Amino acid sequence: MKKELKGISKEELKELYDKDFPLWAEINLELLKEKAYELVDWEHLLEEIEDMARSDLKACISYLAVILEHLYKWDNFRHLVGKEGGKGWIKSVVNARREIFVLFSESPSLEKKLPVEISKAWNRARAKLESWLEDLYYEGRITKAQLREYLSQIPKDCPYTYESAMTRDLRKELEDA
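Residues numbered from 1 in each chain as written. Predicted model: local features only at pLDDT ≥ 70, side-chain atom pairs only at ≥ 80, totals over all residues. Heavy atoms only, no water.

## A word on helix H4 (residues 42–76)
Here is step 1: Here H4 contains 35 residues, and its C-alpha end-to-end distance of 50 Å stays within 8% of the 51 Å for a straight helix at 1.5 Å per residue.
Here is step 2: Along H4, the sharpest change in direction is near 30° and occurs at Arg54. (Helix = DSSP H or I, 4+ residues; strand = E, 2+ residues; numbered from the N terminus. Expected span 1.5 Å × (residues − 1). Bend = angle between axes of the 7 residues up to and from the residue.)

## Topic: the pattern of salt bridges
Here is step 1: Tallied over the entire structure, the rule returns 10 salt bridges.
Here is step 2: Two residues, Lys14 and Glu43, come together in a salt bridge whose shortest N-O distance is 3.3 Å. Here Lys14 is found in helix H2 (residues 10–19), whereas its partner Glu43 is found in helix H4, with 29 residues between them in sequence.
Here is step 3: Residue Lys14 is classed as partly exposed on the basis of its relative accessible area, which comes to 31%.
Here is step 4: Between Asp51 and Arg54 there is a salt bridge whose closest N-O contact spans 3.6 Å. In this pair, Asp51 and Arg54 both sit in helix H4, three residues apart, roughly one turn of the helix.
Here is step 5: By relative accessible area, which is 35% here, Asp51 ends up partly exposed.
Here is step 6: Counted as one network, the salt bridges with shared partners bring together Glu50, Asp51 and Arg54. (Salt bridge = Lys/Arg side-chain N within 4 Å of Asp/Glu carboxyl O. Buried < 20%, exposed > 50% of the residue type's maximum accessible area, 1.4 Å probe, protein only.)

Have a look at this one:
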């Protein structure tokens, strides 16, 4: 590897980023170990570090979106799935919360970051709700008029607080129903 370090230019290293990412990463690691900072592809390296930091937050946002989507379905569409319907939504909410708590235990700083991302999560949840309703229409389970009505009723802003999304007990609500 050291021979490769001597003969590679900064421009060639930048090109490797798109052509052979593992080799790019290896070479940059060696450059850092050798303290050859002037040859490091800092632009892409910083981008990668930033992406790493965001990946767990993105995962949390995705899990929160599942929670919000299924809370909304539970509150507004149980009548479409019958008496036994909605139990899968409860399971999804519980599982998504568990995944979030695991990520919090691995990266405690996420616990403060996730609550401020609820609008991003709601945007994802809205998109999934819209797709789900469209699927119901195409499956013949709701009419075109119902589809339009349901879509128009989904609020633009998240109807749930972060706290309620993370603590609301749908199992208890099912038992009490």
